[in-house]
Amino acid sequence: MNRSHSYMTHSLHGSDRLARGLGWFSIGLGLYKMLAPRKLTEPLGMEGFEPLVRACGAREIACGVGALSTNPSLALWSRVGGDAMDLAALATALRDKYNPKKENVGVALAAVGAITALDLVCASRIKKRYAYQAGPTPDYSDRSGFPRPAEAMRGTAGDLETPRDMRAALPSPAKSPGERVTPTTRSPIG
């Protein structure tokens, strides 16, 4: 592993690392759904739903890319919404009285339910972590950054006197050791 990559991942907060893991998982699952939808529909008794599985795969990839961003909050909540749609589709397959593979659908429901819970936990933590970005940006245009108005501060430094010990501490350029160079008007660079 690259050292800079190692430092980068170790500096991430735990919820950020979980979001990245879910992002990579989502991209992988999305690619699988898009490239081999039949391998998912057949064991679930849902043949004919391959176009829907491909669409869900595209959604997974988009959410995964978003989860790898600097603020993955929206992508993680999108994953939760997608999980809800997946659970609804699986529940429909479970209620189908002609589906001979209801046991597989039950296992898939449990797996998607567990991932939904993980997505919910991660999305909630990330929302709290990045909550400051969700609010309005404060307007400080009426502030100057100075403790008092500029008019009240004008001339304040004019009455200051340099302490005697400070003047004695500064060396005179005429007394400094070394070669004397006469300044020229022409730049030495060219």
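Because the structure is predicted, anything quoted here is derived from the model rather than measured.

Asks: Describe the pattern of salt bridges, listing the residues and the values that go with them.
Replies: Counted by the stated rule, this structure contains 9 salt bridges. Glutamate 60 serves as the salt-bridge partner of arginine 59, at 3.3 Å between the closest nitrogen and oxygen. Exposure remark for glutamate 60: the relative accessible area of 4% places this residue in the buried category. Ionic pairing is found between arginine 79 and glutamate 60, a salt bridge with its closest N-O pair at 3.0 Å. Taken together, the residues arginine 79 in helix H5 (residues 73-95) and glutamate 60 in helix H4 (residues 50-67) connect sequence positions 19 residues apart. This pair shows no difference in class: arginine 79 is buried, exactly as glutamate 60 is. Linked by salt bridges that have partners in common, Lys33, Arg59, Glu60, Arg79, Asp86 and Asp119 make up one network.

Asks: I'd like a description of the packing of helix H2 (residues 14-35) against H5, backed by residues and values.
Replies: Look at H2 against H5: their axes get within 11 Å of each other, and the N-to-C directions meet at 45°. Between H2 and H5, the crossing angle belongs to the class labelled oblique. When you trace H2 past H5, the crossing you get is left-handed. Within the contact between the two elements, H2 uses Ala19, Leu22, Phe25, Ser26 and Lys33 and H5 uses Leu76, Arg79 and Asp86. Residue composition of the contact of H2 with H5, grouped by class: 4 nonpolar, 1 polar and 3 charged.

Asks: Which residues make up H4, and what values go with them?
Replies: Helix length check: H4 (18 residues) gives 25 Å between terminal C-alpha atoms against 26 Å at 1.5 Å per residue, within 8%. Lining the buried residues of H4 we find H2, helix H3 (38-41) and H5.

About the criteria used
- As a convention, each chain's residues are numbered from 1 in the sequence order in which they are written.
- Totals for whole chains, interfaces and linings use every residue, but because this is a predicted model, local features are given only for residues with pLDDT of at least 70 and side-chain atom pairs only at 80 or more, for both listing and counting.
- Side-chain numbers come from the whole structure's heavy atoms, not from hydrogens or water.
- Any carboxyl oxygen of Asp or Glu within 4 Å of a side-chain nitrogen of Lys or Arg constitutes a salt bridge here.
- Residue burial is assigned from relative accessible area. The probe radius is 1.4 Å, only protein chains are included, and a residue is buried under 20% of its type maximum, exposed over 50%, and partly exposed in between.
- Counting from the N terminus, the helices are DSSP H or I runs at least four residues long and the strands are E runs at least two residues long.
- A fitted line through C-alpha atoms serves as each axis, taken over the contacting stretch for helices, and the angle formed by two N-to-C directions is quoted from 0 to 180°.
- With respect to orientation, any angle under 35 degrees is reported as roughly parallel, any angle over 145 as roughly antiparallel, any angle of 65 to 115 as roughly perpendicular, and every other angle as oblique.
- In a left-handed crossing the near helix is turned counterclockwise from the far helix by less than a right angle, and in a right-handed crossing that turn is clockwise.
- Note on definitions: a residue-residue contact is assigned when non-hydrogen atoms from the two residues lie within 4.5 Å.
- When residues are grouped by polarity, Ala, Val, Leu, Ile, Met, Phe, Trp, Tyr, Cys and Pro land in nonpolar, Asp, Glu, Lys and Arg in charged, and all others, Gly among them, in polar.
- Expected helix span is given by 1.5 Å per residue-to-residue step, counting one fewer step than there are residues.

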